[in-house]
Amino acid sequence: MEGPRTDRHDRRLPRRALPAVEGPEYLPARLLNEFVYCPRLFFYEWVEGVFAESAGTVAGAPRHEEVEGKADPLPPAPEADDEPIHSRTVGLGSETYKLVARIDIVEGAGGAVSPVDYKRGAPRDGDHGPEAWPADRAQLCAQALILRDNGYTCTEGIVYYNGTNQRVRVVMDNTLAEETLRAVTDARVVATSGRIPPPLVRSPKCPRCPLVSVCLPEKTAASAAAPRVDSGEQLALFPKSG
Ligand code: SF4
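Participant: Quick question: what am I supposed to make of the side chain of Glu-107 here?
Facilitator: Within the fold, Glu-107 resides in strand β5 (residues 99-109). Within polar-contact distance, the side chain of Glu-107 engages the side chain of Arg-167 at 2.8 Å. Ignoring anything within four residues of it in the chain, the contact list for Glu-107 reads Ile-85, His-86, Ala-112, Val-113, Ser-114, Val-116, Ile-158 and Arg-167.

Participant: Help me understand the side chain of Gln-139 in this model?
Facilitator: Here Gln-139 lies in helix α4 (residues 134-149). Gln-139 gets classed as buried once you look at its relative accessible area, which sits at 5%. Here the side chain of Gln-139 touches Asn-33 through a polar contact of 2.7 Å, side chain to side chain. Aside from chain neighbours lying at most four places away, what touches Gln-139 is Ala-29, Arg-30, Asn-33, Asp-117 and Lys-119.

Participant: Please clarify how empty space enclosed by the protein should be interpreted in this entry.
Facilitator: In this approach the atoms are scanned with a rolling probe the size of a water molecule, which exposes any empty space left behind. Per the counting criterion, the structure on display carries one cavity of 30 Å³ or more. Of the volumes computed, that of the largest cavity is approximately 80 Å³. Taken together, 13 residues line the largest cavity, and the ones lying closest to its centre are Cys-38, Leu-200, Cys-206, Cys-209 and Cys-215. Listing elements by their share of the lining of the largest cavity, those giving two or more residues are α2 (39-47) and α6 (212-215). Per-element accounting of the lining of the largest cavity gives the leading share, three residues, to α2.

Participant: In this structure, what is going on with the layout of surface pockets? I would like to understand it.
Facilitator: In this structure, the second largest pocket occupies an estimated 200 Å³ of space. Lining of the second largest pocket is provided by Phe-35, Val-36, Pro-134, Arg-137, Ala-138, Leu-176, Glu-179, Thr-180, Ala-183 and Asp-186. At the level of secondary structure, the elements contributing two or more residues to the lining of the second largest pocket comprise α1 (29-37), α4 and α5 (174-193). Of all the elements, α5 adds the most residues to the lining of the second largest pocket, at five residues. Residues of the lining of the second largest pocket, tallied by class, amount to six nonpolar, one polar and three charged.

Participant: Got a minute to help me understand α4 in this structure?
Facilitator: Structurally, the α-helix is built with 3.6 residues per turn, so residues lying three or four positions apart point the same way. Helix length check: α4, at 16 residues, gives a terminal C-alpha distance of 22 Å against a target of 22 Å (1.5 Å per residue), a fit within 8%. α4 sits mainly inside the fold: twelve of its 16 residues count as buried. When α4 is considered as a whole, its buried residues turn out to be Ala-135, Asp-136, Ala-138, Gln-139, Leu-140, Cys-141, Ala-142, Gln-143, Ala-144, Leu-145, Ile-146 and Leu-147. Remark: Gly-151 follows α4 within two positions and exhibits a positive phi of approximately 100 degrees.

Participant: Would you take a moment to explain the site of the ligand for this structure?
Facilitator: Taken together, Cys-38, Leu-41, Pro-199, Leu-200, Cys-206, Cys-209, Val-212, Cys-215 and Pro-217 make up the full set of residues adjacent to the ligand. With respect to the pocket detection grid, the ligand is positioned in the largest cavity. Tallied by class, residues from the shell around the ligand come to nine nonpolar, no polar and no charged.

Participant: Before we go on, may I ask you to explain the packing of aromatic side chains in this structure?
Facilitator: What describes a pair of aromatic rings is the distance from one ring centre to the other and the angle between the planes of the rings. Considering all chains together, one arrives at three aromatic pairs under this definition. Centre to centre, the rings of Phe-42 and Trp-46 are 5.6 Å apart; their planes meet at 45 degrees, and the pair counts as tilted. Of this pair, Phe-42 and Trp-46 both sit in helix α2, four residues apart, which is roughly one turn of that helix. Exposure remark for Phe-42: the relative accessible area of 0% places this residue in the buried category. Centroid distance Tyr-118 to Tyr-160: 5.1 Å. Interplanar angle 50 degrees. Geometry classified as tilted. Residue Tyr-118 is found in strand β6 (residues 112-119), and its partner Tyr-160 is found in strand β9 (residues 156-161); the two are separated by 42 residues along the sequence. Judged by its relative accessible area of 9%, Tyr-118 falls in the buried class. Stacked on the ring of Tyr-37, the Lys or Arg Lys-205 has its end atom at 5.2 Å from the ring centre.

Criteria and cut-off values
Residues numbered from 1 in each chain as written. Predicted model: local features only at pLDDT ≥ 70, side-chain atom pairs only at ≥ 80, totals over all residues. Heavy atoms only, no water. Helix = DSSP H or I, 4+ residues; strand = E, 2+ residues; numbered from the N terminus. Polar contact = N/O pair within 3.5 Å; in protein donor to acceptor, adjacent residues only side chain to side chain. Contact = heavy atoms within 4.5 Å. Buried < 20%, exposed > 50% of the residue type's maximum accessible area, 1.4 Å probe, protein only. 1 Å grid on protein atoms, 1.4 Å probe; cavity = no way out; pocket = protein on both sides within 12 Å on 5 of 7 lines; lining within 4 Å. Points joined across faces, edges and corners; volume = space filled by probe spheres on them. Nonpolar A, V, L, I, M, F, W, Y, C, P; charged D, E, K, R; others polar. Expected span 1.5 Å × (residues − 1). Near = heavy atom within 4 Å. Sits in = over half its atoms within 2 Å of the grid points. Phe/Tyr/Trp six-rings, centres within 6.5 Å; stacked < 30°, edge-to-face > 60°. Lys NZ or Arg CZ within 6 Å of the ring centre and 35° of its normal.

Written out as structure tokens, the structure reads:
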């Protein structure tokens, strides 16, 4: 699993709740990112509808607003010809993979395009230079799979890290596609299991997680490890009245 890559930390309580997911649905690529980062975080957001805006999200917001404020339509693949494409805030779905995404920028020419995803923070240090974090790679690959399923050729994508102003190229090879689709399957299994995954143990990701104040990973782990005393009675959550 990857280490922390961005400032996800926020001590505020969740600010809004989204509808819970009860069965197979179109999985947003953004939430696949969360699943790869931490399955428990994904469960909170997609199944329990808990969402907290992190300090990092707020810091990255102007950049996203800048992108969103200049939305251009993406020409359908058969009509793309050889014209340059530079479309912003592209919403697309894939029937094949049951994925949806809102892609910051789709750029290219003709039917050959690349998704560009903006991230706050910095890339990780790889053996051969800066690399996209695994969760960001999975999200970008999900976007590429969606573009392919809509008739485009997509062999690479770009993650743009605002913290360092670096464009990091990600090659969309078969290995990444297989890993991404496996993560999609695993995410659905977790979502439909009805059981929230346990917290990460002493993970450097947690201090940057937007839901750390909800998850309380250390207290939760300590509580799970403590011996339980079973009185044999159920808790009276709703005392009888009258
Ligand atoms: S605080 Fe840690 S274990 Fe809890 S959801 Fe966030 S990353 Fe996962």
